[in-house]
Amino acid sequence: MLIYIDGKFLPADQAKISVFDHGFLYGDGVFEGIRAYNGRVFRLKEHIDRLFDSAKTIDLKPPLSKEEMAEVICEVLRRNDLDNAYIRPIISRGHGDLGLDPRKCPKPTVVVIATSWGAMYGDLYDKGLKAITVSVRRNPAEALPPNVKSLNYLNNILAKIEANYKGGDEAIFFDTNGYVSEGSGDNLYVVKNGEILTPLTLNNLRGITRMVVLEIAKSLGIPVRETNLGYFDLYSADEVICTGTAAEVAPITWIDGRVIGNGRPGPVTRQLMAAFRVVTEKEGYPIHRKVIGAKSSVARKTAAKIAAAKTAKSPAKRNVARKSGKGRK
Ligand code: PMP
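First, a word on scope: everything that follows refers to the structure included in this document. Keep in mind that what you see is a predicted model, and the values were worked out from it rather than measured.

**Some remarks on the overall build of the protein**
Thinking step 1. Within the protein one finds 10 helices and 17 strands.
Thinking step 2. When burial is assessed residue by residue, the protein has 53% of its 329 residues classed as buried.
Thinking step 3. As presented, the protein carries roughly 15,400 Å² of accessible surface, and 56% of it is formed by carbon and sulfur atoms.

**Comments concerning the pairing of strand β4 (residues 34–37)**
Thinking step 1. On β4, burial covers both faces: I34 and A36 on one face and R35 and Y37 on the other are all buried.
Thinking step 2. Direction of pairing for β4 relative to strand β6 (residues 85–92): antiparallel, over a ladder of 3 bridges. Across the sheet, A36 pairs through a bridge with A85, a residue of β6.
Thinking step 3. Note: β4 against strand β5 (residues 40–41), 2 bridges, orientation antiparallel. Paired with A36 across the strands is V41, a residue of β5.
Thinking step 4. What sits between β4 and β5 in their antiparallel hairpin is a turn of 2 residues, with N38 showing a positive phi close to 50 degrees.

**Quick look at the packing of helix α6 (residues 208–219) against helix α8 (residues 267–282)**
Thinking step 1. As a packed pair, α6 and α8 sit with axes 10 Å apart at the nearest point and diverge in direction by 110 degrees. Between α6 and α8, the angle is such that the two are roughly perpendicular. On α8, the residues touching T209, V212, V213, I216 and A217 of α6 are L272, A275, F276 and V279.
Thinking step 2. Along the lines of polarity and charge, the residues of the contact of α6 with α8 split into 8 nonpolar, 1 polar and no charged.

**Thoughts on the packing of helix α2 (residues 44–57) against helix α3 (residues 66–79)**
Packed helices, taken two at a time, are described by their axes: the angle between them and the distance between them.
Thinking step 1. Between α2 and α3, the shortest axis-to-axis distance is 10 Å and the interhelical angle comes to 125 degrees. When the interaxial angle is binned, α2 and α3 end up oblique. Note on packing geometry: the crossing formed by α2 with α3 is right-handed. Here L44, I48, D49, L51 and F52 of α2 lie close against α3, whose contacting residues are K66, M69, A70 and I73.
Thinking step 2. Grouping the constituent residues of the contact of α2 with α3 by class yields 7 nonpolar, no polar and 2 charged.

**Observations concerning the environment of R225**
Thinking step 1. For R225, the location among the structural elements is in strand β13 (residues 224–226).
Thinking step 2. The class of R225 is partly exposed, set by a relative accessible area of 40%.
Thinking step 3. For the pair R225 and E195, spaced 30 residues apart in sequence, the C-alpha separation works out to 7.4 Å.
Thinking step 4. Not counting residues up to four positions away in its chain, the partners in contact with R225 are E195, I196, L197 and T198.
Thinking step 5. At 2.9 Å, the side chain of R225 forms a polar contact with the side chain of E195.

**Concerning the site of the ligand**
Thinking step 1. Taken together, 17 residues lie around the ligand, and Y153, E182, I208, T209 and T245 are the ones closest in.
Thinking step 2. Contact distances for the ligand include 2.5 Å between an oxygen atom and a side-chain N or O atom of Y153.

**With respect to the side chain of T133**
Thinking step 1. Topologically, T133 is positioned in strand β8 (residues 129–133).
Thinking step 2. On the basis of relative accessible area, T133 is assigned to the buried category, the value being 15%.
Thinking step 3. Separated by 2.6 Å, the side chains of T133 and D256 make a polar contact.
Thinking step 4. Discounting chain neighbours no more than four positions away, the residues touching T133 are E162, I172, F174, L234, Y235, I255 and D256.

**Thoughts on the packing of aromatic side chains**
Thinking step 1. Scanning all chains against the criterion turns up 8 aromatic pairs.
Thinking step 2. Measuring from ring centre to ring centre gives 5.1 Å for F31 and Y153, while their planes differ by 70 degrees; the resulting arrangement is edge-to-face. Of this pair, F31 sits in strand β3 (residues 29–31) while Y153 sits in the loop between β8 and α5 (154–165); the two residues are 122 residues apart in sequence, bridging distant segments of the chain.
Thinking step 3. Owing to a relative accessible area of 22%, Y153 belongs among the partly exposed residues under this scheme.
Thinking step 4. Pairing Y121 with Y125 gives two aromatic rings, centres 6.2 Å apart and planes at 55 degrees, and the pair type is tilted. When sorted by exposure, Y121 lands in the same class as Y125, which is buried.
Thinking step 5. Joined through ring pairs, the aromatic side chains of Y37, F42 and F276 make up one cluster.
Thinking step 6. When the ring centre of F9 is taken as origin, the NZ or CZ atom of R79, which lies over that ring, is 4.0 Å away.
Thinking step 7. The lysine or arginine in question, R258, covers the ring of Y235, its NZ or CZ lying 4.0 Å from the ring centre.

Scoring rules and cut-offs
- Residues numbered from 1 in each chain as written.
- Predicted model: local features only at pLDDT ≥ 70, side-chain atom pairs only at ≥ 80, totals over all residues.
- Heavy atoms only, no water.
- Helix = DSSP H or I, 4+ residues; strand = E, 2+ residues; numbered from the N terminus.
- Buried < 20%, exposed > 50% of the residue type's maximum accessible area, 1.4 Å probe, protein only.
- Areas by Shrake-Rupley, 256 points an atom, 1.4 Å probe, with all protein chains shown as cover.
- Pairing = 2+ DSSP bridges.
- Axes fitted to C-alpha atoms, helices over the stretch in contact; angles between N-to-C directions.
- Parallel < 35°, antiparallel > 145°, perpendicular 65-115°, else oblique.
- Contact = heavy atoms within 4.5 Å.
- Nonpolar A, V, L, I, M, F, W, Y, C, P; charged D, E, K, R; others polar.
- Left-handed = near helix turned anticlockwise from the far one by under 90°.
- Polar contact = N/O pair within 3.5 Å; in protein donor to acceptor, adjacent residues only side chain to side chain.
- Near = heavy atom within 4 Å.
- Phe/Tyr/Trp six-rings, centres within 6.5 Å; stacked < 30°, edge-to-face > 60°.
- Lys NZ or Arg CZ within 6 Å of the ring centre and 35° of its normal.

Below is the structure:
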């Protein structure tokens, strides 16, 4: 496995970052989780946009342009010979001292990992997941907006730990006002009387799978309403669904001991799962597209540098995006 770190493609056992990196010391950084299906990176633009929006919010300036980041992601997939993959780009604050001050970290660290990762929940897509509403609350937007996909996932991990102890496959967060927020790593939906209800995106991560699923629902003529939901809505739902890049579209059939609907994945859930599969098979940013066809000159130059680095013997010469990022504002 080859991992991209700051312009180099390194074997996993050599892919290391400094213990002084503030991503490690403080969770100071941002990341994405992306999937590639059938040689195409699904919703790549949306993921890179969200990565950059997260970075902007924490005042972190990515050392790569969006086009360069797209190129690096595709190159990691190509070098690892992956047409179907889970991809993890990370931008951390970089090497600093033991203090908090990000001004001591002059250069953000960029890492891209890609690996094979099939269906996250295995046979639970047929059976349905057990979910636990956890006592830990989703961190409020006025403290740390859940829309920042930051390297600090401790809030989510605490939820996961609680769900694990209580026998759940996934945790359901409420926000500090008692409204349904999201799962530990996915967005949530209730189906009631043929309508899909889902929380607004202030108290949760604005999921890209959520966006796709809502588009699908609209195209199938299933009504969708974005609204506040409470635990009454969860327990009394006909169907409950969670979605995320890793989880994809998954049914929740049990919450805190209450059987949801008839305890089996419901018809709306199954329709969305099937339609999502079709969309992911067809759409996406081609991993193996021709460099000549690259739209922007930046993408073309980056792709050319990557191609040159590929033929270079020394791994030191395989320095791609860092160099091409030099001199940019
Ligand atoms: N909420 C949280 C907390 C997540 O970590 C994720 C996974 N990225 C999601 C929702 C779903 O977002 P997406 O569909 O963009 O993967």
